[in-house]
Protein chains: 6
Amino acid sequence: MNASQSVVVTNIQRVEKSIVNAFAAEKIGVATVHEAQGGKGLLAPNITPIYPGAHVAGIAVTISAPPCDNWMIHVAVEQCRAGDILVLAPTSFSDAGYFGDLLATSLMARGVKGLVIDAGVRDVKDLTSMGFPVWSKCVSAQGTVKETLGSVNVPIVCAGARVNPGDLIIADDDGVVAVARAQAADVLKKSQERETLEEEKRKRLAAGELGLDIYKMRKRLAEKGLSYIDQAELD
Amino acid sequence: MNASQSVVVTNIQRVEKSIVNAFAAEKIGVATVHEAQGGKGLLAPNITPIYPGAHVAGIAVTISAPPCDNWMIHVAVEQCRAGDILVLAPTSFSDAGYFGDLLATSLMARGVKGLVIDAGVRDVKDLTSMGFPVWSKCVSAQGTVKETLGSVNVPIVCAGARVNPGDLIIADDDGVVAVARAQAADVLKKSQERETLEEEKRKRLAAGELGLDIYKMRKRLAEKGLSYIDQAELD
Amino acid sequence: MNASQSVVVTNIQRVEKSIVNAFAAEKIGVATVHEAQGGKGLLAPNITPIYPGAHVAGIAVTISAPPCDNWMIHVAVEQCRAGDILVLAPTSFSDAGYFGDLLATSLMARGVKGLVIDAGVRDVKDLTSMGFPVWSKCVSAQGTVKETLGSVNVPIVCAGARVNPGDLIIADDDGVVAVARAQAADVLKKSQERETLEEEKRKRLAAGELGLDIYKMRKRLAEKGLSYIDQAELD
Amino acid sequence: MNASQSVVVTNIQRVEKSIVNAFAAEKIGVATVHEAQGGKGLLAPNITPIYPGAHVAGIAVTISAPPCDNWMIHVAVEQCRAGDILVLAPTSFSDAGYFGDLLATSLMARGVKGLVIDAGVRDVKDLTSMGFPVWSKCVSAQGTVKETLGSVNVPIVCAGARVNPGDLIIADDDGVVAVARAQAADVLKKSQERETLEEEKRKRLAAGELGLDIYKMRKRLAEKGLSYIDQAELD
Amino acid sequence: MNASQSVVVTNIQRVEKSIVNAFAAEKIGVATVHEAQGGKGLLAPNITPIYPGAHVAGIAVTISAPPCDNWMIHVAVEQCRAGDILVLAPTSFSDAGYFGDLLATSLMARGVKGLVIDAGVRDVKDLTSMGFPVWSKCVSAQGTVKETLGSVNVPIVCAGARVNPGDLIIADDDGVVAVARAQAADVLKKSQERETLEEEKRKRLAAGELGLDIYKMRKRLAEKGLSYIDQAELD
Amino acid sequence: MNASQSVVVTNIQRVEKSIVNAFAAEKIGVATVHEAQGGKGLLAPNITPIYPGAHVAGIAVTISAPPCDNWMIHVAVEQCRAGDILVLAPTSFSDAGYFGDLLATSLMARGVKGLVIDAGVRDVKDLTSMGFPVWSKCVSAQGTVKETLGSVNVPIVCAGARVNPGDLIIADDDGVVAVARAQAADVLKKSQERETLEEEKRKRLAAGELGLDIYKMRKRLAEKGLSYIDQAELD
């Protein structure tokens with residue numbers, strides 16, 4: 001496959017359904033997943049949700065689109081299955097509004113769970129009422145053209161993170177993280193372990209114990225040279 | 001009128017009331033209006049609403065104000081009528097908070113529908129409870145002075161878009177668009193046509209039809225050279 | 001105390017409780033406080049609340065933290081008392097997520113009212129349900145390390161404003177303002193006077209009087225050379 | 001002419017040659033021109049020269065181009081005459097590199113003096129050796145397509161300033177300013193007066209006189225309440 | 001190899017020396033290379049050279065470094081050979097100055113040609129006199145720590161582009177582009193073809209021929225609906 | 001002194017002349033000074049020189065100026081002595097051009113060495129020929145007014161760093177750093193020690209020794225878990 005050719009890859013391999021469902025059912029958040037996989041895969045923090053409170057876990061159908069051209073979204077819709085999430089990266093910076101309520105209607109009819117886009121969206125009020133979550137760089141009514149080809153289901157870099165078709169995508173109010181297909185099962189296990197661990201700590205902290213003690217930090221802080229001075233001594 | 005003179009133009013000609021009312025009553029959105037007038041008149045996407053869900057259609061009373069000086073807003077209030085929308089562009093970059101709940105109280109008493117400002121606003125919590133919508137570049141408690149004159153109801157460039165006094169302004173969660181007075185009737189007609197067209201397509205998409213088929217895109221995509229490859233062939 | 005040494009100052013002097021309580025009880029806003037103290041102490045407008053509607057008044061416990069290192073927050077927790085607000089400035093730009101729901105749990109257990117941070121936070125959905133308000137530069141799931149010391153309760157510059165430990169912090173939807181401890185009583189008095197004054201003006205403006213008349217601006221505007229021209233004369 | 005139609009306006013009326021030549025010969029700078037016309041017409045400060053030291057005065061041939069599409073530059077070249085300056089505004093944000101050394105070669109062959117563009121350029125090293133000055137938003141090797149029409153010689157908003165075809169453009173290390181055709185003669189006269197005035201002041205300031213005295217500021221400063229305090233009184 | 005492990009990959013496979021030398025000797029620029037490989041591999045345009053006029057072609061030794069921590073650069077130096085270029089991507093945003101004249105001295109001693117970094121550099125005046133070119137996000141005297149591990153010679157995303165160890169890097173005043181090792185020979189051939197083609201066009205354009213004619217654009221422009229109107233008809 | 005009062009503090013205490021002269025004569029750079037004083041006092045990296053190659057060491061005369069109002073610069077000139085550097089912070093964001101060649105002429109007549117400003121400057125071409133260095137946020141021909149008072153020689157926060165009148169300022173191509181008056185002698189000594197130390201390391205690095213060995217890093221890297229893998233083992 002020539003690097004500059006426009007292709008649509010069909011029948012991509014996807015993360016196993018049961019794994020995706022576990023992330024969704026247990027509402028495992030982006031921050032947890034990101035830590036669980038060793039601090040990888042996070043999209044840049046300027047990718048934000050159009051409304052608060054959404055949480056999705058789904059499978060990436062990727063789009064490499066020309067700037068200000070949304071033609072490839074129409075092509076990608078056909079490749080989507082229930083449980084997928086569209087992830088679009090423009091090949092050059094664009095803050096145009098690639099996506100609105102008509103495309104969302106089409107995607108919802110296929111069971112798609114959301115859109116992640118390193119560009120703009122529009123019809124935000126409608127998308128909010130429809131309950132179709134979008135994580136985007138901005139909101140913009142500026143439309144796009146349908147003139148130049150791109151590709152669907154090729155590896156992309158979206159907002160600084162590598163996303164391969166079939167990868168797991170988790171998105172919530174903290175942003176978006178991608179998990180490589182091969183590591184999804186392992187990351188689920190580690191995420192669950194973290195959640196369990198955090199739950200226990202949450203109880204101790206709520207009861208007034210200090211992190212300094214729970215995590216046994218005092219000794220190392222002292223070794224590094226941290227000193228305590230009473231305000232009265234400084235005056 | 002000398003270019004650098006400070007003037008207030010009174011009794012400006014306004015878009016006809018019935019046209020404005022139609023935009024408001026039918027809740028025609030910014031994205032639709034922008035497309036209907038050929039992709040013109042959109043303000044930059046960093047002009048965002050201070051709270052979600054507002055939609056206004058009204059007539060522009062324009063202010064060209066010095067940076068960090070809100071004196072001209074007081075002058076402009078007197079020129080406002082019910083159904084107007086204030087549109088302020090500073091002559092140089094400013095993110096100061098030009099506008100707060102007192103000015104909003106004054107404008108609401110005159111039936112003004114909202115404010116569009118390429119600068120900052122403050123008292124956002126009060127403005128939200130009052131239901132006075134503002135589209136601004138930022139929220140900032142930083143106040144302004146009242147030292148230097150500007151002009152009211154002169155042509156301005158606001159966030160990259162030309163706005164003439166008396167123009168139609170539409171603003172919603174997607175941003176703000178200005179429509180020239182002479183074209184308002186035409187743009188209303190075209191907007192309504194788009195809405196009708198979109199309604200029909202929305203039904204077909206919701207029923208599972210693909211945009212690829214509805215818009216007959218397959219042939220042109222193939223001609224441009226789009227190819228489909230099964231994942232299995234790549235592995 | 002050597003400038004580059006890492007210290008924790010204990011038993012800092014705090015603004016008197018009754019003053020803080022008055023700001024909180026009367027819901028005196030950031031814009032009012034900022035004006036009342038002569039336009040000083042405002043943090044940059046890119047420090048925004050993670051959810052709308054919060055209003056806090058409290059006492060600054062300050063943190064000077066290395067970029068992408070949140071170790072000092074754990075140290076600072078121990079120094080907090082009921083009614084405090086943590087204020088963190090990284091020593092170099094960082095948009096990492098220093099703070100999440102576990103630290104918030106710990107702070108709430110001590111009666112801390114909120115966090116102001118010139119960096120990122122995470123677990124925003126949890127923080128919102130817990131009702132723990134944060135004013136931050138961004139939301140980011142990107143975690144931090146615990147490797148390098150910083151200082152607690154030293155003077156800092158946070159988002160462009162000087163904050164000393166023990167200062168008064170007011171934060172609402174308009175942003176964040178710091179009030180020097182020695183001036184807190186005076187600023188409270190001036191803020192209350194402004195509120196009273198504004199209340200009277202609000203009534204007159206709501207009744208339709210113009211700011212031009214209430215503030216007697218017409219004469220000075222004319223002296224500066226403002227002229228009025230009827231639109232009809234320009235056509 | 002319909003607002004959304006793509007047109008090329010030919011034989012535009014241009015600022016008189018002798019006026020443009022005077023601005024060029026006397027090297028009247030952007031800051032002077034901007035002041036002389038009452039603080040209007042300045043493009044945003046993020047439009048910067050690709051190399052230092054250039055100064056041009058010429059006549060605007062305007063381009064309204066789609067984002068990431070440079071087709072219209074080829075169309076505009078044919079409309080250029082010796083002494084013109086191309087001014088391009090994309091209809092939506094773009095930081096792509098619309099322009100390189102081949103187009104510059106073509107423009108230099110026609111006597112065009114430079115390019116002003118609210119987008120990116122490339123081949124900067126070549127443009128520098130050729131001595132073809134460009135004022136742009138950024139440098140970017142990212143190319144563009146030739147798919148969608150725009151317009152040539154229609155009124156545009158470029159980097160926040162209105163530019164009409166045939167207007168005078170002045171550009172130097174301080175940025176770019178546009179002067180309306182009808183006001184060019186008047187602005188030339190006022191600019192020359194400013195230069196004369198400044199020359200005299202420059203001599204007095206170089207000789208050690210203070211602006212406080214030359215401009216007689218002391219009285220007004222005192223009236224506004226400025227006070228002087230010796231450092232010794234503060235300690 | 002576990003995703004979150006810190007590794008140094010030694011003896012990476014590099015693009016063949018003769019290919020790199022050809023790019024360097026023929027001074028093939030970033031814009032040409034980027035086009036020749038189908039519009040891929042370009043780093044974001046905010047990565048700019050610290051001084052104008054440099055052009056390098058070399059082989060990527062990659063660094064994935066923690067934010068504000070330059071320890072891994074020391075580790076990477078040992079992996080460098082003559083003709084290499086260091087490419088560093090922080091795992092989270094950082095504008096700290098990771099690199100200065102001491103590290104440059106060390107790299108020059110090994111024949112390294114330059115540095116590409118999605119963060120800051122310092123000692124810019126020294127680097128300029130030494131003739132060691134750097135492409136960076138910013139200049140910053142802010143230092144870094146040496147506390148946390150990263151990796152050397154693993155695949156990275158630098159300023160939005162994928163870079164694998166051993167890839168070809170070309171950098172000049174237009175920015176930086178990465179070419180995959182497997183495609184370097186093919187991209188060299190295509191770049192040389194473009195240069196030949198452009199040379200011929202440059203001559204015709206310099207002689208006054210129009211791009212409209214050379215590229216035969218007139219017919220397609222007319223078909224798309226471009227119309228010409230004489231200014232006189234509009235007045 | 002009331003916080004909101006406008007004052008000019010006269011006869012400020014300045015860093016001793018011999019210390020300033022040593023920094024200037026030995027060309028001690030910003031990065032070295034910043035490290036020598038423990039990573040404090042650095043202005044934000046968006047404050048950049050208008051031309052490359054300048055290096056100044058001088059004493060801060062501070063200005064707290066209203067946004068877009070340069071009146072206080074005229075007041076400050078009178079307070080300047082030979083060897084001073086003006087440091088201006090606007091009380092609210094401004095990118096206007098506060099300063100041009102006339103003010104530079106006046107300052108040069110008094111022996112002032114440069115300007116540091118968290119706002120814009122203009123007449124850059126003239127300032128460059130005059131050899132008057134400026135470190136600014138941007139270049140902008142946008143002028144300012146003279147309407148509102150500020151203060152001279154009060155403590156300010158400039159681009160995120162605290163600057164007190166009389167402090168030492170060092171500026172070069174890497175940016176700007178402020179050194180508190182009381183610490184200037186100590187910082188000079190530490191800077192000189194660093195320079196000596198670096199000189200020795202520079203020689204060893206130039207001779208091909210590795211930082212890994214000079215700084216004895218190998219053991220600690222291994223302890224933290226860094227591992228080496230040959231590329232051949234991964235394929």
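Provided above is the structure to which this section pertains.
The rules behind the values
- Residues numbered from 1 in each chain as written.
- Chains lettered and ligands numbered in written order.
- Predicted model: local features only at pLDDT ≥ 70, side-chain atom pairs only at ≥ 80, totals over all residues.
- Heavy atoms only, no water.
- Helix = DSSP H or I, 4+ residues; strand = E, 2+ residues; numbered from the N terminus.
- Buried < 20%, exposed > 50% of the residue type's maximum accessible area, 1.4 Å probe, protein only.
- Contact = heavy atoms within 4.5 Å.
- Least-squares fit on C-alpha atoms with pLDDT ≥ 70 in both.
- Buried area = accessible area lost by both parts, 1.4 Å probe.
- Salt bridge = Lys/Arg side-chain N within 4 Å of Asp/Glu carboxyl O.
- Arc of directions from axis to C-beta.
- 1 Å grid on protein atoms, 1.4 Å probe; cavity = no way out; pocket = protein on both sides within 12 Å on 5 of 7 lines; lining within 4 Å.
- Points joined across faces, edges and corners; volume = space filled by probe spheres on them.
- Nonpolar A, V, L, I, M, F, W, Y, C, P; charged D, E, K, R; others polar.
- Pairing = 2+ DSSP bridges.
- Polar contact = N/O pair within 3.5 Å; in protein donor to acceptor, adjacent residues only side chain to side chain.
- Axes fitted to C-alpha atoms, helices over the stretch in contact; angles between N-to-C directions.
- Parallel < 35°, antiparallel > 145°, perpendicular 65-115°, else oblique.
- Left-handed = near helix turned anticlockwise from the far one by under 90°.
- Phe/Tyr/Trp six-rings, centres within 6.5 Å; stacked < 30°, edge-to-face > 60°.
- Right-handed = clockwise from strand over helix to strand, strands pointing away.
- Expected span 1.5 Å × (residues − 1).

### Quick look at the overall build of chain A
Move 1: Scanning chain A from N- to C-terminus turns up nine helices and 13 strands.
Move 2: The 235 residues of chain A split such that 61% are buried.
Move 3: Summarising the internal contacts of chain A: among those between residues at least 6 apart in sequence, 77% fall at separations of at least 24.

### Comments concerning the relation of the copies chain B and chain F
Move 1: Once chain B is rotated about the relating axis by 180° and shifted along it by 0.0 Å, it coincides with chain F to within an RMSD of 0.0 Å. Seen this way, the second copy is the image of the first under a two-fold rotation axis.
Move 2: In this assembly, 100% of the residues forming the interface of chain B have copies in chain F that are likewise at the interface, indicating an isologous arrangement.

### Remarks on the environment of Thr 10 of chain B
Move 1: Secondary-structure assignment places Thr 10 of chain B in strand S1 (residues 7-10).
Move 2: Taking the C-alpha atoms as reference points, Thr 10 of chain B and Arg 194 of chain B, separated by 184 residues in sequence, lie 36 Å from one another.
Move 3: When near neighbours in sequence (up to four residues on either side) are disregarded, Thr 10 of chain B contacts Gln 79 of chain B together with Tyr 228, Ile 229, Asp 230 and Gln 231 of chain C.

### Quick word on the interface of chain D and chain F
Move 1: Facing the 36 residues of chain D at the interface are 37 residues of chain F.
Move 2: Roughly 3,200 Å² is buried in total at the junction of chain D and chain F, and carbon and sulfur atoms are behind 58% of that figure.
Move 3: Its largest share of buried area at the contact with chain F, chain D owes to Pro 45, Asp 174 and Gln 231 of chain D, together 16% of the area lost on that side.
Move 4: Applying the counting rule to chain D against chain F returns four salt bridges.

### Some details on helix H1 (residues 17-25) of chain B
The α-helix advances 3.6 residues per turn, and as a result positions three or four apart in sequence lie on the same side.
Residue and element names in this part refer to chain B.
Move 1: Turning to H1, its buried residues are Ile 19, Val 20, Ala 22 and Phe 23. The buried residues of H1 occupy an angular sector of 160° when the element is viewed end-on, so they sit on one face.
Move 2: Residues of H1 that are buried in the fold lie against helix H2 (30-36), strand S3 (56-65), strand S10 (168-172) and helix H6 (184-206).
Move 3: Just downstream of H1 lies Lys 27, where phi reads positive at about 50°.

### Some remarks on the layout of surface pockets
Move 1: As a volume, the second largest pocket reaches approximately 810 Å³.
Move 2: What lines the second largest pocket is a set of 37 residues, among which Asp 101, Leu 102, Arg 122 and Asp 123 of chain B together with Glu 198 of chain C lie closest to the centre.
Move 3: Mapped onto the lining of the second largest pocket, the elements with two or more residues apiece are helix H4 (101-109) and helix H5 (124-130) of chain B together with helix H2 (30-36) and helix H6 (184-206) of chain C.
Move 4: The element contributing the most residues to the lining of the second largest pocket is H6 of chain C, with seven residues.
Move 5: Along the lines of polarity and charge, the residues of the lining of the second largest pocket split into twelve nonpolar, nine polar and 16 charged.

### Focus on unusual backbone geometry
Move 1: A positive phi angle, close to 60°, is found at Asp 123 of chain D, a residue other than glycine.
Move 2: Position of Asp 123 of chain D relative to the elements: it lies in the loop between strand S5 (114-121) and helix H5 (124-130).
Move 3: Backbone geometry places Cys 68 of chain F, a non-glycine residue, at a positive phi of 60°.
Move 4: By secondary structure assignment, the location of Cys 68 of chain F is in the loop between strand S3 (56-65) and helix H3 (71-77).

### Re the relation of the copies chain D and chain F
A rotation about an axis combined with a shift along that same axis relates the two copies of the chain.
Move 1: For these two chains of identical sequence, chain D goes onto chain F by a turn of 120° and a shift of 0.0 Å along the axis, with RMSD 0.0 Å. In symmetry terms, the pair is related by a three-fold rotation axis.

### Focus: the pairing of strand S11 (residues 168-172) of chain F
All names here are of chain F.
Move 1: Burial analysis of S11 places five of its five residues in the buried class, the great majority of the element.
Move 2: Residues of S11 alternate between two faces, with Leu 168, Ile 170 and Asp 172 on one and Ile 169 and Ala 171 on the opposite face, all of them buried.
Move 3: The pairing of S3 with S11 spans four bridges and is classified as antiparallel. Across the sheet, the residue bridging to Val 56 is Ala 171, located in S11.
Move 4: Sheet topology places S11 next to strand S12 (residues 175-179); five bridges connect them, and they run antiparallel. Following the sheet pairing, Ala 171 is matched in S12 by Val 176.

### Remarks on the interface of chain B and chain F
Move 1: Tallying the contact residues gives eleven residues for chain B and eleven residues for chain F.
Move 2: Together chain B and chain F conceal approximately 880 Å² of surface at their shared face, both sides included; 52% is due to carbon and sulfur atoms.
Move 3: On inspection of chain B and its partner chain F, the count reaches zero salt bridges.
Move 4: Taken together, chain B and chain F are joined by zero residue pairs in polar contact (both at pLDDT 80 or more).
Move 5: Tallied by class, the residues present in the side of chain B that touches chain F amount to five nonpolar, four polar and two charged.

### Some thoughts on the environment of Ile 170 of chain F
Move 1: With respect to the helices, strands and loops of the structure, Ile 170 of chain F is situated in strand S11.
Move 2: In this structure, Ile 170 of chain F is in contact with Phe 23, Ile 28, Gly 29, Val 30, Val 33, His 55, Val 56, Ala 57, Gly 175, Val 176 and Val 177 of chain F, ignoring residues within four places of it in sequence.

### A closer look at the packing of helix H4 (residues 101-109) of chain D against helix H6 (residues 184-206) of chain E
Move 1: Between H4 of chain D and H6 of chain E, whose axes approach to 8 Å, the crossing angle comes to 20°. The orientation of H4 of chain D relative to H6 of chain E falls into the category roughly parallel. Here the hand of the crossing between H4 of chain D and H6 of chain E comes out right-handed. Here H4 of chain D contributes Asp 101, Leu 102, Thr 105, Ser 106 and Ala 109 of chain D to the contact with H6 of chain E, which in turn contributes Glu 198, Arg 202, Leu 205 and Ala 206 of chain E.
Move 2: For the contact of H4 of chain D with H6 of chain E, the class distribution of residues is four nonpolar, two polar and three charged.

### Some details on the packing of aromatic side chains
A ring pair, where both rings are aromatic, is described by two values, the distance of the centres and the angle of the planes.
Move 1: Tallying each qualifying case throughout the model produces nine aromatic pairs over all chains.
Move 2: Ring geometry for Phe 93 of chain A versus Phe 93 of chain D: centroids 4.4 Å apart, planes at 50°, classification tilted. Linking Phe 93 of chain A in the loop between strand S4 (84-90) and strand S5 (97-99) with Phe 93 of chain D in the loop between strand S4 (84-90) and H4, this pair reaches from one chain into another.
Move 3: Overall, Phe 93 of chain A belongs to the partly exposed group, its relative accessible area being 32%.
Move 4: Taken together, a centroid distance of 5.8 Å and an interplanar angle of 20° make the contact between Phe 99 of chain C and Phe 132 of chain C stacked. Of the two residues, Phe 99 of chain C is situated in the loop between strand S4 (84-90) and helix H4 (101-109) and Phe 132 of chain C in the loop between helix H5 (124-130) and strand S6 (134-139); the sequence distance between them amounts to 33 residues.

### Looking at the pattern of salt bridges
Move 1: Taken as a whole, this structure holds 84 salt bridges over all chains when the rule is applied.
Move 2: Residue Glu 223 of chain B pairs with Lys 219 of chain B through a salt bridge whose shortest N-O separation is 3.3 Å. Placement of both Glu 223 of chain B and Lys 219 of chain B in helix H8 (residues 218-224) is noted, with a separation of four residues, approximately one turn of the helix.
Move 3: Exposure remark for Glu 223 of chain B: the relative accessible area of 57% places this residue in the exposed category.
Move 4: Across the pair Arg 204 of chain E and Glu 209 of chain E runs a salt bridge whose closest N-O atoms are separated by 2.9 Å.
Move 5: Members of the salt-bridge network, linked through shared partners, are Asp 101 of chain A together with Glu 198, Glu 199 and Arg 202 of chain B.

### Description of the arrangement of the chains
Move 1: Between chain B and chain E there is no contact; the minimum C-alpha to C-alpha separation amounts to 14 Å.
Move 2: Separated in space, chain A and chain F share no contact, their closest pair of C-alpha atoms being 14 Å apart.

### Description of the pairing of strand S3 (residues 56-65) of chain D
All names here are of chain D.
Move 1: Counting buried positions along S3 gives ten out of ten residues, so the element sits mostly inside the fold.
Move 2: Pairing analysis gives seven bridges linking S3 to S4, with the strands arranged parallel. Paired with Val 61 across the two strands is Leu 86, which belongs to S4.
Move 3: Handedness of the crossover is the feature at issue here: the chain leaves S3, passes through helix H3 (residues 71-77), returns alongside S4, and the resulting connection is right-handed.
Move 4: Here S3 runs beside strand S7 (residues 151-152); their pairing, made up of two bridges, is antiparallel.

### Here's the deal with H6 of chain C
Move 1: Taking 1.5 Å per residue, 23 residues should reach 33 Å; H6 of chain C reaches 32 Å between its end C-alpha atoms and fits that length.
Move 2: Within the span of H6 of chain C, buried status applies to Ala 184, Val 187, Leu 188, Ser 191, Lys 201 and Leu 205 of chain C.
Move 3: Close packing links the buried residues of H6 of chain C with H4 of chain B together with helix H1 (17-25), H2, strand S11 (175-179) and helix H7 (211-214) of chain C.
Move 4: Following H6 of chain C by one or two positions, Gly 208 of chain C adopts a phi angle in the positive range, close to 105°.

### Description of the environment of Val 187 of chain C
All names here are of chain C.
Move 1: Here Val 187 lies in helix H6.
Move 2: Remark: the alpha-carbon pair of Val 187 and Gly 41, spanning 146 residues in sequence, is separated by 12 Å.
Move 3: Setting aside residues up to four positions removed in sequence, Val 187 forms contacts with Phe 23, Val 33, Ala 36, Gln 37 and Val 179.

### Things to note about the side chain of Lys 137 of chain E
Residues and elements named next belong to chain E.
Move 1: Structurally, the position occupied by Lys 137 is in strand S7 (residues 134-139).
Move 2: Within polar-contact distance, the side chain of Lys 137 engages the backbone oxygen of Ser 94 at 3.3 Å.
Move 3: In contact with Lys 137, other than residues within four places in its own chain, are Asn 46, Ile 47, Phe 93, Ser 94, Ile 117, Asp 118 and Ala 119.

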